[in-house]
Amino acid sequence: MNSRGFGGLTRREFLKAAACVPSLPLLSCGASARSKPNILYLMTDQHRGDCLGCAGNRAVRTPNLDSLAVEGVLFANAYTSTPSCTPARSAILTGLSPWHHGMLGYGRVAGQYPSELPQALRDAGYYLHGIGKMHWYPQKKLRGYHSLLVDESGRAETPDFVSDYRLWFRQQAPDLDPDATGIGWNDYQAKAYALPERLHPTTWTGDRAVEFIESYDRPEPFLLKVSFARPHSPYDPPQRFLDMYNADDMPAPCVGDWAGRYASHEEPPKPSLWHGDLGIRQAKESRRAYYASVTFIDEQIGRILAALKKRGLYDNALILFFADHGDMLGDHHLWRKTYAYEGSAKIPMILRWPPKMGLDEQRGTQRSQPVELRDVLPTFLDAAGAPIPGHLDGKSLLRLVRGQTEGWRPFIDLEHSMCYDNDHWTALTDGRHKYIYYAYDGREQLFDLTEDPSECHDLAGDADCRDLLVRWRQRMVEHLSERGREFVEDGKLTIRKKRLLYSPHYPRENTAGSNT
């Protein structure tokens, strides 16, 4: 391993840097436990950024999340830099970019980073409880949480592992199969949940969160992580949620003038395929169940917010809602995630802060600055009145709420190593344009997201856009230059034929193996 990992610092320098630089707190660092806000950390899995009513989607029903946006800020250009489950979670844990936390694609979250979100908030005086999908290794490792109740969607990475959800399921329904609906974890197919709704993992996650809130009696402020395993496939909502939607009313998939390369597929198509033109009808059927899963989660979030209000905890709650990545749902003949396109890389993100923090004129507004999962950790530290370490790549979202836009990043970096036999790519976007570079063969794409938000027309070959393409290409050269000659040589982007899953900054000695 490169001895200067973790943002260019040695381990000793890194830990010393964690002595921190001051945040811009809403509270003083010496604030009492009573004055610190409780933090509710709501997370969904594989939730597209455009699948919220408050984001302008009239087909999806998300009344509780829409109400949260009215009380807070919706980040219109929120992204996940590495759009698959595990690298996204590394960004949340560390507050770092992909190159600096070390995961450039879907692998195993490192066993331990020098600085992680749970321990940082614990050190700030919080009691931490996590519910739902964690997707790290070892699977029940606390990582600074005081307690966890885990749902790992049937994933077992050690012979003796059983998730808390599956242990509960065995107790509740010993004669039933939790996978009885019969849809795989990455399938495009959809079906109503085959078992009683009370047994669904979405209900289980909501129930456990409500129970925690109803029974919490500790003196410390809490950080409650509620991580839903849906709307990630299987698309299996209860029938009553499917009945809220009609496939004919679903938006048709967007197909770019460049997307023909992804149309082919095996016959019959594999349920877990990653590309293929399955027809508009199938895409709409998948979307119907996906949207129903989103509404199912929204109902559970409503229950959680109601529990906070009943306990008198809502007014002192900072609430951040976001997803780890999106879902292509047939756009451009692509399925699942790991792509640079909006369906995969753009995520929903809403921040609501307690009334005592003021800034009421900002409620119900949107922010256009590019934000990313690396911003979660500094946001929570800022809210807690705790120092924000100087090595973080992320920034506190509360800065934008306060109007402190000077020095905010002009664009965000995206990337993913080879997956599904697809090319490895890096991208940059400011929310207005997006540049994508495919390192295996040197292909480029350029999109105008203002005029073409669905990315249907690739501008990279347009003569009128040559100067714009050159400008974004140079930004990519500058962004990748710290990585050395394998990425940039003689001022030009290189061709890279080999897969690179982990950067030199990845703490390998704390992790055994990979789960790709």
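All values reported here derive from a predicted model rather than from experimental measurement. (Residues numbered from 1 in each chain as written. Predicted model: local features only at pLDDT ≥ 70, side-chain atom pairs only at ≥ 80, totals over all residues. Heavy atoms only, no water.)

### Structural notes on helix H3 (residues 85-94)
- Taken across its ten residues, H3 has ten buried, putting it largely inside the fold.
- Along H3, the residues classified as buried are Cys85, Thr86, Pro87, Ala88, Arg89, Ser90, Ala91, Ile92, Leu93 and Thr94.
- The first or second residue beyond H3 is Gly95, which carries a positive phi of 70°. (Buried < 20%, exposed > 50% of the residue type's maximum accessible area, 1.4 Å probe, protein only. Helix = DSSP H or I, 4+ residues; strand = E, 2+ residues; numbered from the N terminus.)

### Quick notes on the packing of helix H7 (residues 201-215) against helix H9 (residues 280-310)
- Remark: H7 packs on H9, axes separated minimally by 9 Å, with the N-to-C direction vectors making an angle of 5°. On the basis of their axis angle, the class for H7 and H9 is roughly parallel. Contacts between H7 and H9 pair Thr202, Thr203, Gly206, Asp207, Ala209, Val210 and Ile213 from the former with Phe296, Ile297, Gln300, Arg303, Ile304, Ala307 and Leu308 from the latter. (Axes fitted to C-alpha atoms, helices over the stretch in contact; angles between N-to-C directions. Parallel < 35°, antiparallel > 145°, perpendicular 65-115°, else oblique. Contact = heavy atoms within 4.5 Å.)

### Observations concerning the pattern of salt bridges
- What the rule picks out here adds up to 35 salt bridges.
- Of the charged contacts, one joins Asp236 and Arg230 as a salt bridge, the two residues approaching to 2.9 Å between their closest N and O atoms. Both residues of the pair, Asp236 and Arg230, count as buried.
- Note that Glu266 and Lys270 form a salt bridge whose closest N and O atoms lie 3.8 Å from each other.
- Beyond isolated ion pairs, a larger network of salt bridges with shared partners links Asp45, Arg89, Lys133 and Asp324. (Salt bridge = Lys/Arg side-chain N within 4 Å of Asp/Glu carboxyl O.)

### Overview of the sheet that holds strand S12 (residues 425-429)
- Spatial ordering of the open sheet is given by S11-S12-S13-S14, a layout of four strands whose pairing is antiparallel. The open sheet has two free edges, formed respectively by strand S11 (412-416) and strand S14 (444-448), since each of these has just one partner strand. Each adjacent strand pair in this sheet contributes to an overall mean axis angle of 15°, direction not counted.
- Relative to the sheet, helix H13 (residues 466-480) contacts S11, S12, strand S13 (433-438) and S14, its axis offset from that of S12 by approximately 115°. (Pairing = 2+ DSSP bridges.)

### What to know about the environment of Gly49
- By secondary structure assignment, the location of Gly49 is in the loop between strand S1 (38-45) and helix H2 (63-70).
- In sequence terms Gly49 and Phe322 are 273 residues apart; their C-alpha atoms lie 9.0 Å from each other.
- Apart from the residues within four sequence positions on either side, Gly49 is in contact with Ala55, Lys346, Ile347 and Pro348.

### A look at the layout of surface pockets
- Estimated volume of the largest pocket: approximately 630 Å³.
- Surrounding the largest pocket, 34 residues form its lining, Arg48, Gly49, Asp50, Lys346 and Pro453 being those nearest its centre.
- Elements with a minimum of two residues in the lining of the largest pocket: strand S2 (73-75), H9 and helix H10 (342-345).
- Counted by class, the lining of the largest pocket contains 18 nonpolar, nine polar and seven charged residues.
- Of the pockets and cavities examined, the second largest pocket occupies roughly 380 Å³.
- Every residue lining the second largest pocket is counted, 22 residues in all, and those nearest its centre are Tyr106, Arg155, Asn186, His232 and Lys337. (1 Å grid on protein atoms, 1.4 Å probe; cavity = no way out; pocket = protein on both sides within 12 Å on 5 of 7 lines; lining within 4 Å. Points joined across faces, edges and corners; volume = space filled by probe spheres on them. Nonpolar A, V, L, I, M, F, W, Y, C, P; charged D, E, K, R; others polar.)

### Digging into the sheet that holds strand S6 (residues 222-231)
- Taken in spatial order, the eight strands line up as S5-S4-S6-S1-S7-S8-S2-S9 in an open sheet, and their pairing is mixed. Unpaired on one side and paired on the other, strand S5 (147-150) and strand S9 (365-367) mark the two borders of the sheet. The mean inter-strand angle of the sheet, taken between neighbouring strand axes irrespective of direction, is 15°.
- Of the strand pairs in this sheet, S2 and strand S8 (residues 349-352) are connected by two bridges, and their pairing is antiparallel. Bridge pairing in S8 links Val73 to Leu351.
- Sitting on the sheet, helix H11 (residues 376-383) is in contact with S1, S6, strand S7 (317-323) and S8, with an inclination near 175° to S7.

### A word on the packing of helix H6 (residues 164-172) against H7
- Following both chains from N to C, one finds H6 and H7 inclined at 100°, their axes separated by 11 Å at the closest point. Here H6 lies roughly perpendicular to H7, going by the angle between them. From H6, Asp164, Tyr165 and Trp168 reach across to H7, where they touch Pro201, Trp204 and Arg208.

### Let's talk about the nonpolar core
- The biggest cluster of nonpolar side chains holds 55 residues, and the ones touching the most others in it are Leu121, Leu223, Met349 and Phe380.
- Ranked by residues supplied to this core, first place goes to H11 with five residues.
- Sequence-distant contacts of Leu223, defined by excluding residues within four places in its chain, comprise Ile39, Tyr41, Leu117, Leu121, Tyr126, Tyr127, Leu128, His129, Tyr145 and Phe380.
- Leu52, Tyr165, Phe169 and Leu195 belong to the second-largest nonpolar core, a separate cluster that totals 38 residues. (Core = buried A, V, L, I, M, F, W, Y, C linked by side-chain atoms within 4.5 Å.)

### Some thoughts on the side chain of Lys337
- By the element assignment, Lys337 lies in the loop between S7 and H10.
- Here Lys337 is buried and forms no salt bridge, its nearest opposite-charge partner Asp45 lying at an N-O distance of 5.9 Å.
- Of note is the side chain of Lys337, whose polar atom sits 2.9 Å from the side chain of Gln46.
- Non-local contacts of Lys337, meaning those with residues more than four positions away in its chain, are made with Gln46, Pro83, Ser84, Asn186, His232, His325, Gly326, Ser344 and Tyr420. (Lys, Arg positive; Asp, Glu negative; His and termini not counted. Polar contact = N/O pair within 3.5 Å; in protein donor to acceptor, adjacent residues only side chain to side chain.)

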